[in-house]
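Summary of the model geometry
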Amino acid sequence: MSKGNGNILQFAPFESFVSPTFWHKLAELKLDYDRLSDAERPIFGHYTNRKASRCLLEVDYSAYNSTAQPPKFSHAAVGTIYNKNTIEEFKALDKTALLAEEGKRLLADMRNGRVLNDVNLMTRFFVLSFADLKSHSYYYWFAFPCPLTPTLHLQCDPLRLKDLSNATQYIAVIRSLAVEHQNFFVIYANEQQNIWETRSLSDAFTHFDEQQAQHYYYCFADASEYENPAWLMRNYAAFVLLQCPSLVGQKLNFLGLRYDQQMQLDNSLIWQVVQAESSNYEQLQFVGWEVNCNGKMGPRMVSMRNSMDPAKLAENSINLNLKLMKWRLVPDLNLEIMAQSKCLLFGAGTLGCAVARNLLSWGFKHITLLDNGKVGYSNPVRQSLYTHADAVAGNRMKATTAALRLLDINPSAVCKGFVLEIPMPGHTIGAALRQQTEQHLELIEQQVLEHDVIFLLTDSRESRWLPTLLGAAHQKIVINAALGFDSYLVMRHGSTRDQVGDNSKEIAGLKCISGEQLGCYFCNDVTAPGNSLKDRTLDQQCTVTRPGVSNIAASYAVELLVALLQHPQKDLAPAYYANIRDQQKQEAQLPEGLLGILPHSIRGMLCNYENILPATQKFAQCIACSARVLDAYRRDGHAFLFKTFETAKYLEDLTGISEFKRLNSEIIDFDDEKFDFSDDDEE
């Protein structure tokens, strides 16, 4: 103790030491659980008296556990965090009132005996904070509340435990108590009777004996490295004198336990103090706000941006908008199902790029693209995942390049690209390409099996047939998007899973089709797909559309998938459409799910900026999803597929469409000479 301080005992204030994991956990809790709530949250900290440096109280991710779990050779501190929603609330909060409120809680725990049952309550702290989750900046101010009681006067300079003549007895009795229980306790040291024993605070103060108290040493784990004791002794002294007012004016011995690296107690100190005046507990004030880095009373700010792993930083930022949706707008939104769903995109062109970007925006992390094209000079202006440099390179494949670009956008995503040809009905495969086609088929089948959702985004009708068949055969969710010059079609294919019960409901003015009865892209056709590129001019071979059509269709495709995944029945969700006759009688309202209505298909036109929402049933003779086609594929496998690649008429014969077309032709192709017209008709 320096001469200038007289005989007044001063204390080493706590310094907060905040692990970055504390802020990461706070951000997670704020986004996923607290949201708009700024209610106080209990936390824990810890401090150590083993080779203590300065006088630190530390917090990390474990601070938010339901029970205190201090590290080895450390002791728990009980705290509270007040995390505000805005920086304005953080600044405007009455700091003096908050400190007084926390101080009164501490005082109440001392009075009602809670401290006797949980001595950790003696070491109390709280944090006022604001988390700017967009910039990963955290504003905070620690406080260690303590009643402003009359000063303690030292009766002599601090004594070192090792300098006492009977130091071995003190050390022996201290070591008889487990280290984790040495934060607050009492030593009864009666040298005349040669009694040395430790007592818990509960034992010492429940039936307090003033005669025995003359032999008490009030021990605590001292986190200070200075000659002055740690801040927590201030609370300890206040507790002792609150419990036993008769001790005011009497000498009290406080023993601060300080371990070195070898767990020796030689550096422990004893302070003999007297509080001459009684405390007025009804008008007590409280102190304890921590000074900032500039040594002034005020909050601190820390930015986690530079210390965070860039990939983790990107992932947190990407998910921020999605998690904010759950705060007010859609509390029941299931983000996990989107993060876990694996999406397979057939086509990495204009639609494929736009769909992939929208999937990332919704938090989908598993995206695989299949395409056989190279990036050309005409692509970058319409296909957002490619650049002019890709085209100049001349050998960059769309599928693999798009996967790399997606990883550039979100490094935590799992993106892959495979370069392959999609075999198509009516596109004959020669003997030289047979083996390669077999390999491509096996890869396509493997990818379909490994994914949950299939997107059909290719630029021809026949290239959608094989993915449609495989999606139906393996019970996958299939989303289709097709473009015209100024029109688009977005639809979900009907499920091939078995419906358990009928969960659809009758609504006046609406027709309902259950999820397993909805049609696929080919269910409205009465002809098998052929080679659409044969005998076509350049403008007929390319997908010539108004530039905005692809982005609109891609957005609808992803939004349709998200709405489907949020529906309790997933791909078995029914679709409703208006019954024109009943609608004339009353206005029917389509039922809504978590994110609104869930149509079967969306047909839009840019020429009049209108959408319609038709729903169609499965066609029993569909050339892609009918039972005959699925049975043939499951039975014959690739042999069946190669027959369809040879000639699309095989599918027409298999499903009976050929007969349907023949009958239809017989009705249409009649001979005018076989009909007699009346004179009136001829006129």
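Look above for the structure.
First, a word on what this report is: a plain description of the structure on this page. Since we're looking at a predicted model, the values are computed, not measured. (Residues numbered from 1 in each chain as written. Predicted model: local features only at pLDDT ≥ 70, side-chain atom pairs only at ≥ 80, totals over all residues. Heavy atoms only, no water.)

**Considerations on the overall build of the protein**
Within the protein one finds 23 helices and 25 strands. Per-residue burial over the protein gives 50% buried out of 683 residues. Here the analysis covers contacts within the protein between residues at least 6 apart in sequence; of these, 74% occur between residues at least 24 apart. Accessible surface computed for the protein: about 32,900 Å², of which carbon and sulfur atoms make up 49%. (Helix = DSSP H or I, 4+ residues; strand = E, 2+ residues; numbered from the N terminus. Buried < 20%, exposed > 50% of the residue type's maximum accessible area, 1.4 Å probe, protein only. Contact = heavy atoms within 4.5 Å. Areas by Shrake-Rupley, 256 points an atom, 1.4 Å probe, with all protein chains shown as cover.)

**Brief notes about the packing of aromatic side chains**
In the structure shown here, the tally under the stated rule is 32 aromatic pairs. Taking 5.0 Å as the distance between ring centres and 25° as the angle between the ring planes, the aromatic pair formed by F22 and Y64 counts as stacked. One end of the pair, F22, is in helix α1 (residues 20–34); the other, Y64, is in the loop between β3 (56–59) and β4 (74–84), with 42 residues separating them in the sequence. Comparing F22 with Y64 shows no difference in burial state: the two are buried. Ring centres of W23 and Y138 lie 5.0 Å apart, and the angle between their planes is 20°; this geometry places the pair in the stacked category. (Phe/Tyr/Trp six-rings, centres within 6.5 Å; stacked < 30°, edge-to-face > 60°.)

**Some points on the sheet that holds strand β21 (residues 487–492)**
Spatially, β18-β17-β16-β19-β20-β21-β24-β25 is the arrangement adopted by the 8 strands of the open sheet, whose pairing is mixed. The strands lining the two open edges of the sheet, one partner per strand, are β18 (414–419) and β25 (610–612). For this sheet the average axis-to-axis angle between neighbouring strands, irrespective of direction, equals 15°. Relative to strand β17 (residues 366–371), strand β16 (residues 342–346) is paired through 5 bridges, and the arrangement is parallel. (Pairing = 2+ DSSP bridges. Axes fitted to C-alpha atoms, helices over the stretch in contact; angles between N-to-C directions.)

**Some points on the nonpolar core**
Counting 87 residues, the largest nonpolar core has L201, F205, Y218, Y236 and F239 as its most contacted members. For this core, the leading source of residues is helix α8 (residues 232–243), giving 8 residues. Excluding residues that lie within four positions of it along the chain, Y236 makes contacts with M122, F184, F185, V186, L201, Y218, C219, F220 and F254. By size, the runner-up hydrophobic cluster in this structure holds 52 residues, among which are C353, A354, L369 and Y386. (Core = buried A, V, L, I, M, F, W, Y, C linked by side-chain atoms within 4.5 Å.)

**A few points about unusual backbone geometry**
Phi is positive for R35, close to 55°, though the residue is something other than glycine. Turning to its location among the elements, R35 is positioned in the loop between α1 and β2 (41–48). By relative accessible area, R35 is classed as buried at 17%. The phi dihedral of F73 falls on the positive side, at around 65°, and the residue is not glycine. Tracing the backbone through its elements, the reader meets F73 in the loop between β3 and β4. Using a relative accessible area of 22% as the deciding quantity, one classes F73 as partly exposed.

**Some remarks on helix α14 (residues 434–450)**
Taking 1.5 Å per residue as the helical rise, α14 with its 17 residues ought to reach 24 Å, and the 24 Å between its terminal C-alpha atoms agrees with that figure. Residues of α14 that are buried: T437, H440, L441, I444, E445, Q447 and V448. Taken down its axis, α14 places every buried residue within 165° of arc, on the same side. For α14, exposure combined with an orientation more than 90 degrees from the buried face picks out Q435 and L449. (Expected span 1.5 Å × (residues − 1). Arc of directions from axis to C-beta.)

**Things to note about the pattern of salt bridges**
Scanning all chains against the criterion turns up 21 salt bridges. Between K323 and D32 there is a salt bridge whose closest N-O contact spans 3.3 Å. On the criterion of sequence distance, the pair formed by K323 in helix α9 (residues 310–325) and D32 in helix α1 is long-range, its members being 291 residues apart. In this structure D32 comes out as partly exposed when scored by relative accessible area, which is 25%. One network of salt bridges, in which partners are shared, links E40, E101, E102, R105, D109, R114 and R124. (Salt bridge = Lys/Arg side-chain N within 4 Å of Asp/Glu carboxyl O.)

**Focus on the pairing of β21**
Along any regular strand, the residues point their side chains to alternate faces of the sheet. For β21, the tally of buried residues reaches 5 of 6 residues, placing the bulk of the element in the interior. As paired strands, strand β20 (residues 477–483) and β21 are joined by 5 bridges and run antiparallel to one another. Bridge pairing in β21 places I479 opposite R492. Counted along the chain from β20 to the antiparallel partner β21, the turn is 3 residues long. Taken together, the 5 bridges between β21 and strand β24 (residues 601–605) define a ladder with antiparallel strand orientation. Residue pairing in the sheet places V490 in a bridge with I602 of β24.

**Focus: the environment of L333**
Its place among the elements puts L333 in the loop between α9 and α10 (335–340). Linking L333 and L594, residues 261 residues apart in sequence, is a C-alpha distance of 7.6 Å. Residues contacting L333, with those up to four places away along its chain left out, are L322, M325, K326, M338, W362, Q566, L594 and L595.

**Considerations on the packing of helix α19 (residues 627–636) against helix α20 (residues 638–646)**
The interhelical angle for the contact between α19 and α20, taken along N-to-C directions, is 125°, at an axis separation of 6 Å. Comparing their axes, α20 and α19 come out oblique. The residues of α20 that touch α19, namely those facing V629, A632, Y633 and D636, are H638, A639, F640 and L641. When grouped by side-chain class, the residues that make up the contact of α19 with α20 number 6 nonpolar, 1 polar and 1 charged. (Parallel < 35°, antiparallel > 145°, perpendicular 65-115°, else oblique. Nonpolar A, V, L, I, M, F, W, Y, C, P; charged D, E, K, R; others polar.)

**Thoughts on α8**
Given 3.6 residues per turn, any residue in an α-helix points the same way as the ones three and four places further on. Compared with the 16 Å implied by 1.5 Å per residue over 12 residues, the 17 Å span of α8 between its first and last C-alpha is a close match. For α8, a buried count of 11 out of 12 residues is recorded, marking the element as mostly surrounded by other parts of the structure.

**Considerations on the packing of helix α11 (residues 350–361) against helix α17 (residues 547–566)**
Closest axis-to-axis distance for the α11/α17 pair is 9 Å, and the angle between their directions is 45°. The orientation of α11 with respect to α17, classified from their angle, is oblique. Crossing angle aside, the handedness with which α11 passes α17 is right-handed. Of the residues in α17, those in contact with T350, L351, A354, V355, N358 and L359 of α11 are S550, N551, A553, A554, S555, V558 and L561. For the contact of α11 with α17, the residue count by class is 8 nonpolar, 5 polar and no charged. (Left-handed = near helix turned anticlockwise from the far one by under 90°.)

**Notes on the side chain of S514**
Take S514: it is sitting in the loop between β22 (510–513) and α16 (538–541). Using a relative accessible area of 17% as the deciding quantity, one classes S514 as buried.

**Topic: the environment of L107**
Within the secondary structure, L107 sits in helix α3 (residues 95–112). Look at L107 and you get buried, because its relative accessible area is 7%. For L107 and N235, which are 128 residues apart along the polypeptide, the C-alpha to C-alpha distance reads 9.3 Å. Discounting chain neighbours no more than four positions away, the residues touching L107 are L242, Y281, L284 and F286.

**Topic: the side chain of K84**
Inspection of the secondary structure assignment puts K84 in strand β4. In this structure, K84 is in contact with D38, E89, F90, L93, L128, S129, F130 and A131, ignoring residues within four places of it in sequence.

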